[in-house]
Amino acid sequence: MTGVAFASSDADEISAIAHLTESLNQQFAGGSIVTGEAADLALKESTAAQTRLQNWFEQAEKTCHNNFFVNSCLNDVKQERRKHIVVLQRISLEAKSLQRKLHIEELDRELAQKQTKP
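Chemist: How do you make sense of the overall build of the chain when you look at a structure like this?
Modeler: Assigned secondary structure in the chain consists of three helices and zero strands. Sequence-ordered secondary structure for the chain, helices as α and strands as β, is α-α-α. Computed over its C-alpha atoms, the radius of gyration of the chain comes to 20 Å, more than 25% above the 13 Å expected for a compact globule of 118 residues. Principal axes of the C-alpha set define a box for the chain whose edges measure 75 × 25 × 15 Å. The 118 residues of the chain split such that 30% are buried.

Encoded structure:
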């Protein structure tokens, strides 16, 4: 975490989010999402983590407005969010990419079946 002193509940939550993000990053390492089921799970879990991160971010921003150094606090909160959102977005993008690929392959198979029938 950066040098900012988050409120206790904010610090606990961002610590939990950091642990969750690291866990998801290991579970869904780059190139490891190769099945539709894995893509569904990765998308579900990364979306839930992104929602949790966004909720923390909004609460932390509100807390910053009670500090004397508001801008410094806001910058620290944004920087902390940025560290985690990059990982979560990578997982989501990889899962969505595989889902699109699988969907196109299914459409191609259906089209080939239609073309072979008289």
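More follows now that the structure is in view.
Chemist: Which parts of the structure should I look at to understand the state of the cysteines?
Modeler: Two cysteines form a disulfide when their sulfur atoms are joined by a covalent bond. Scanning all chains against the criterion turns up one disulfide. The disulfide bridge from C64 ends at C73, spanning 2.0 Å between sulfur atoms. When the S-S torsion is -70°, as for the bridge of C64 with C73, the disulfide is left-handed. The residues C64 and C73 share a single accessibility class, namely buried.

Chemist: Is there a simple way to explain the nonpolar core in this structure?
Modeler: One broad rule of soluble globular proteins: the nonpolar side chains tend to lie buried together. By size, the foremost hydrophobic cluster in this structure holds 24 residues, and its most contacted members are I33, L53, W56, V77 and I91. Going through the elements one at a time, α1 (8-27), α2 (36-64) and α3 (70-116) are the ones with two or more residues in this core. Per element, the largest residue contribution to this core is 10 residues, and it comes from α2.

Chemist: Looking at this model, I keep getting lost on the packing of aromatic side chains. Mind explaining?
Modeler: In this description, a pair of aromatic rings is defined by centroid distance and the angle of the planes. Applying the stated criterion across every chain, the model contains one aromatic pair. Ring geometry for F68 versus F69: centroids 4.9 Å apart, planes at 85°, classification edge-to-face. F69 gets classed as exposed once you look at its relative accessible area, which sits at 60%. The side chain of R81 reaches across the aromatic face of F57, ending 5.0 Å from its centre.

Chemist: Help me out: how do you make sense of α2 in this one?
Modeler: When the terminal C-alpha atoms of α2 are compared, their 41 Å separation across 29 residues agrees well with the 42 Å that a helix rising 1.5 Å per residue should span. For α2, the set of buried residues is A38, A39, A42, L43, S46, A49, L53, W56, F57, A60 and C64.

Chemist: How do you make sense of the packing of α2 against α3 when you look at a structure like this?
Modeler: Helices that pack against each other are described as a pair by the angle of their axes relative to one another and the distance between those axes. The contact between α2 and α3 brings their axes to 9 Å, and the two run at 165°. One finds that α2 runs roughly antiparallel with respect to α3. Where α2 crosses over α3, the two elements pack in a sense that is left-handed. Considered class by class, the residues forming the contact of α2 with α3 number 19 nonpolar, eight polar and six charged.

Cut-offs used in this document
Residues numbered from 1 in each chain as written. Predicted model: local features only at pLDDT ≥ 70, side-chain atom pairs only at ≥ 80, totals over all residues. Heavy atoms only, no water. Helix = DSSP H or I, 4+ residues; strand = E, 2+ residues; numbered from the N terminus. Rg over C-alpha atoms; globule rule 2.2 N^0.38 Å. Buried < 20%, exposed > 50% of the residue type's maximum accessible area, 1.4 Å probe, protein only. Disulfide = S-S within 2.5 Å. Core = buried A, V, L, I, M, F, W, Y, C linked by side-chain atoms within 4.5 Å. Phe/Tyr/Trp six-rings, centres within 6.5 Å; stacked < 30°, edge-to-face > 60°. Lys NZ or Arg CZ within 6 Å of the ring centre and 35° of its normal. Expected span 1.5 Å × (residues − 1). Axes fitted to C-alpha atoms, helices over the stretch in contact; angles between N-to-C directions. Parallel < 35°, antiparallel > 145°, perpendicular 65-115°, else oblique. Left-handed = near helix turned anticlockwise from the far one by under 90°. Nonpolar A, V, L, I, M, F, W, Y, C, P; charged D, E, K, R; others polar.

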